[in-house]
Amino acid sequence: MTRRPLARGCYRLSGSVLTHPSRGAAAVRTAAQAPPDLLRIVTDPRPDGPPTVLRTALAAWGTVPVTSTHHLVLQDDMRLADRALDRVLDAIETAPDAALALFAIWDSRNGAAVRAGALRGDTWVRAVGEYTPCAALVLPREVALGFADHVRRDGDGGWPDDILMQRYLRVSGVRCLIAAPNLAEHLDGPSIAGNAWRGPRRSACFLPAAPDTPPRIADRTPALVPFFKNGVAQCVERAPDGTWLHLETEDRLRLRGVPEESLSPPPVPGLDPATAGGVWLTGYALGLLQREADSENPATVRRATLTPCTASAPRPAANPAAVTPDGPRPAVNPAAVTPRGPRSAVSRPPVVPRGPRTAVNPAAVVEALRTIGPGGASQRPGEQPSERDLMRIADLACRAVDAGRTGELRPMLPSRRIALRPDGGALTAHVAARLTELGAAVTVADGGADPLAFLGRGHLYGPGVRPGTGPGDVIGGLVRAALRARPIVLTDALPPLVLPMHVRALALAVAAGERLAGHTAYPLMDFALIVADVVRPVRVEDRRTRPGTTAESVPDDGELRFRLHQYAQWLAYEGGHGDGVSTTAGEASAR
């Protein structure tokens, strides 16, 4: 069958839907959202092979019609917003050389960038240093073909398609822009990418109908990007070399001078305190970012007011393909969001640091803010928030943004000076960041201290620790195997007991001037099982000549699990892939 691409001017958009024979008519329903004959269904060429979406993606990216200038690839569990393809063509005309991601998951860094863009009035934001969202992605034809050729020629190394895509776009100099609000939503149900184990995977900001506004592309990536994930308010911050430091929002707010009493949310009856805390810190950081942007461009500030986030009608399903097993995802009622509203709910409106014609989309702002809480708790067991809770979350986030924009700041004064040697790379950068949070003025210069000199008996892990460098061999090797969906193999070369010591603990040792050792020992098998549970479900194979014992009971250490997950993300996004290549080191600094 001859496919007919969508045309506008000199640009032609074709598309594919990725699927597997076991997934029934899912691809047919997804393709039906587009004009007839636009989306070709591409089935896994090796349906009996190991499960991976990469094979199918390569088949789609590698066969872009010669008549097309751009190609859209959708996974078969995605819903398109009404008029989404019109907005895609608008973006192609404005940025024909860019990759265009239509979706970013609600607990991701890219999802956080979408939130910041919604508050500024941007409709496309620059991707942050993590995987490229491939569930709904548009590539220029030559980029698509180049990606497929690159992976087939050099192999995948066990990494998923979204990590491989991020690396390829970076080394090729192709920027990735993400729609704000998103133009696609992920439906609940079995995942074609094998990610169902991580809980609901919804958009950071999706509206059923794409706003009819011209493209406004963010001129830079924020220097700090706050997000709520795994029940913890986290952030990434630009290092001087352009890479990202993986940090925690509360510590960075405190360092910027936010008073202690402002770091806790006001009481919200009926809302889980951990969720309320994460939403508050994330919203506060978003507001503080707006304040800093306003101070750079005070003449271009424009305000938009939101009404109380207390009423919402269920979002209608745009078409049958959009219906999930639990029904359509509810959304903000645009009628409940007007240009003006009582100051009781949001005492001051979010600020848009742009020119006089720029205005925020209130519905997008409310949707972006109310997904912070459920996204942050999505990987934790338990029920998702009710519609009433979602509106409470949005209201709390609105107040947090306001507090971050207007609250008092009391800058922290350093209490001491510490010098670190410069050859520690990412490890030194993360230790230095933690030391500044502890009140030290840190310089990196010849003759400074070597952080590893303070490592006592223990196995180091955390952002900045690369496997294959000695201290990170034990834990880093286990985590990297799980990241690449490979079995964790235990051999006699590994210690029988693992004594995890996080980079934050190492920073404490440097601050105290004392060697520090890991204080909790885990039998190797037990620790490997925790890694497999936290990072990605993989087999653990014990090939030791004398298999070690396991503990009768292993402490349910939520802190360890969170730190391991954070470490896994740093390894995937910043720690290289066995070749020493960072996924973001080539990006220009936003500072």
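What you see is a predicted model, and the numbers here were worked out from it, not measured in a lab.

How each quantity is defined
Residues numbered from 1 in each chain as written. Predicted model: local features only at pLDDT ≥ 70, side-chain atom pairs only at ≥ 80, totals over all residues. Heavy atoms only, no water. pLDDT = per-residue confidence, 0-100. Contact = heavy atoms within 4.5 Å. Phe/Tyr/Trp six-rings, centres within 6.5 Å; stacked < 30°, edge-to-face > 60°. Helix = DSSP H or I, 4+ residues; strand = E, 2+ residues; numbered from the N terminus. Buried < 20%, exposed > 50% of the residue type's maximum accessible area, 1.4 Å probe, protein only. Expected span 1.5 Å × (residues − 1). Polar contact = N/O pair within 3.5 Å; in protein donor to acceptor, adjacent residues only side chain to side chain. Pairing = 2+ DSSP bridges. Axes fitted to C-alpha atoms, helices over the stretch in contact; angles between N-to-C directions. Parallel < 35°, antiparallel > 145°, perpendicular 65-115°, else oblique. Left-handed = near helix turned anticlockwise from the far one by under 90°. Nonpolar A, V, L, I, M, F, W, Y, C, P; charged D, E, K, R; others polar. Core = buried A, V, L, I, M, F, W, Y, C linked by side-chain atoms within 4.5 Å.

### Here's the deal with the confidence of the model for the protein
Considering every residue of the protein, the mean pLDDT works out to 84; 82% of them sit at 70 or more. Low confidence marks residues 299-357, where pLDDT is under 50. Its contacts with residues over four positions away, or in another chain, come to 138 contacts. Throughout residues 577-591 the model reports pLDDT below 50, and contacts reaching past four residues in sequence, or to other chains, amount to 50 contacts.

### Quick notes on the packing of aromatic side chains
Scanning all chains against the criterion turns up five aromatic pairs. Ring centres 6.1 Å apart and planes at 65 degrees place the aromatic pair tyrosine 461 and tyrosine 567 in the edge-to-face group. In this pair, tyrosine 461 sits in strand β18 (residues 459-461) while tyrosine 567 sits in helix α16 (residues 558-573), placing the two residues 106 residues apart along the sequence. Here tyrosine 461 matches tyrosine 567 in class, with each residue buried.

### Things to note about α16
In this model, α16 (16 residues) spans 23 Å end to end at C-alpha, consistent with the 22 Å of a helix rising 1.5 Å per residue. With 13 of its 16 residues buried, α16 lies for the most part within the structure. Near the N-terminus of α16, the side chain that reaches the backbone nitrogen of glutamate 559, with its oxygen 3.1 Å away, is that of aspartate 557.

### Some thoughts on the sheet that holds strand β12 (residues 232-238)
Spatially, β11-β12-β13 is the arrangement adopted by the three strands of the open sheet, whose pairing is antiparallel. Strands at the two margins of the open sheet, each flanked by one partner only, are β11 (224-229) and β13 (244-248). Taking each pair of neighbouring strands and ignoring which way they run, the sheet shows an average axis angle of 25 degrees. Relative to β13, β12 is paired through five bridges, and the arrangement is antiparallel. Bridged to cysteine 235 within β13 is leucine 247. Across the sheet, helix α4 (residues 109-120) touches β11, β12 and β13, and the angle it forms with β11 is around 115 degrees.

### Let's talk about the environment of phenylalanine 103
Positionally, phenylalanine 103 belongs in the loop between β6 (99-101) and α4. On the accessibility criterion, phenylalanine 103 (7% relative accessible area) is buried. For phenylalanine 103 and threonine 132, which are 29 residues apart along the polypeptide, the C-alpha to C-alpha distance reads 9.9 Å. Dropping the residues within four chain positions of it, phenylalanine 103 is found in contact with Met78, Pro133, Ala135, Ala136, Ile178, Asn182, Ala184, Glu185, His186, Arg201, Arg202 and Ser203.

### Some points on the side chain of aspartate 251
One can find aspartate 251 in helix α7 (residues 249-255). At 3.0 Å, the side chain of aspartate 251 and the side chain of arginine 504 are in polar contact. Leave out the neighbours within four places in its chain, and aspartate 251 touches Arg434, Glu437 and Arg504.

### Some words on the environment of leucine 80
The topology assignment puts leucine 80 in strand β5 (residues 78-80). With 126 residues separating them in the primary sequence, leucine 80 and phenylalanine 206 have C-alpha atoms 9.6 Å apart. In this structure leucine 80 touches Gln33, Leu74, Leu102, Leu183, Ala184 and Phe206, once residues within four positions along its chain are discounted.

### Observations concerning the pairing of β12
Side-chain direction in a regular strand flips from residue to residue, so the side chains alternate between the two faces of the sheet. Judged by how many residues are buried, β12 sits mostly within the fold: six of seven residues are covered. In this sheet, β12 lies alongside β11 in antiparallel orientation, the contact comprising six bridges. Within β12, the position partnered with lysine 229 by the bridge is valine 232. The hairpin formed by β11 and β12 contains two residues between the paired strands, and asparagine 230 there has a positive phi angle of roughly 55 degrees. Count of turn residues in the β12/β13 antiparallel hairpin: five residues, of which glycine 242 carries a positive phi of about 95 degrees.

### Comments concerning the pairing of β13
Most of β13 is tucked away: five of the five residues are buried. Side-chain alternation along β13 places Trp244, His246 and Glu248 on one buried face and Leu245 and Leu247 on a second face that is also buried.

### Here's the deal with the packing of helix α2 (residues 54-61) against helix α5 (residues 141-154)
Running from N to C, α2 and α5 cross one another at 135 degrees; their axes reach a closest spacing of 8 Å. By the angle between their directions, the pair α2 and α5 is classed as oblique. Crossing of α2 against α5: the hand is left-handed. On α5, the residues touching Leu54, Leu58, Ala59 and Trp61 of α2 are Ala144, Leu145, Phe147, Ala148, Val151 and Arg152. Here the residues of the contact of α2 with α5 are counted per class, giving nine nonpolar, no polar and one charged.

### Remarks on the nonpolar core
Counting 138 residues, the largest nonpolar core has Trp61, Val479, Ile488 and Leu564 as the members making the most contacts within it. Once you skip the residues sitting within four places of it in the chain, isoleucine 488 turns out to touch Leu478, Ala481, Ala482, Ala528, Val531, Ala532, Val538, Arg539, Val540 and Glu541. Judged by nonpolar contacts, the second largest core, of 28 residues, contains Val258, Leu288, Val360 and Leu396.

### Observations concerning the side chain of threonine 243
Looking at where threonine 243 falls in the secondary structure, it is placed in the loop between β12 and β13. Classification of threonine 243 by relative accessible area gives buried; the value is 15%. Side-chain polar atoms of threonine 243 contact the side chain of aspartate 241, separated by 2.6 Å.

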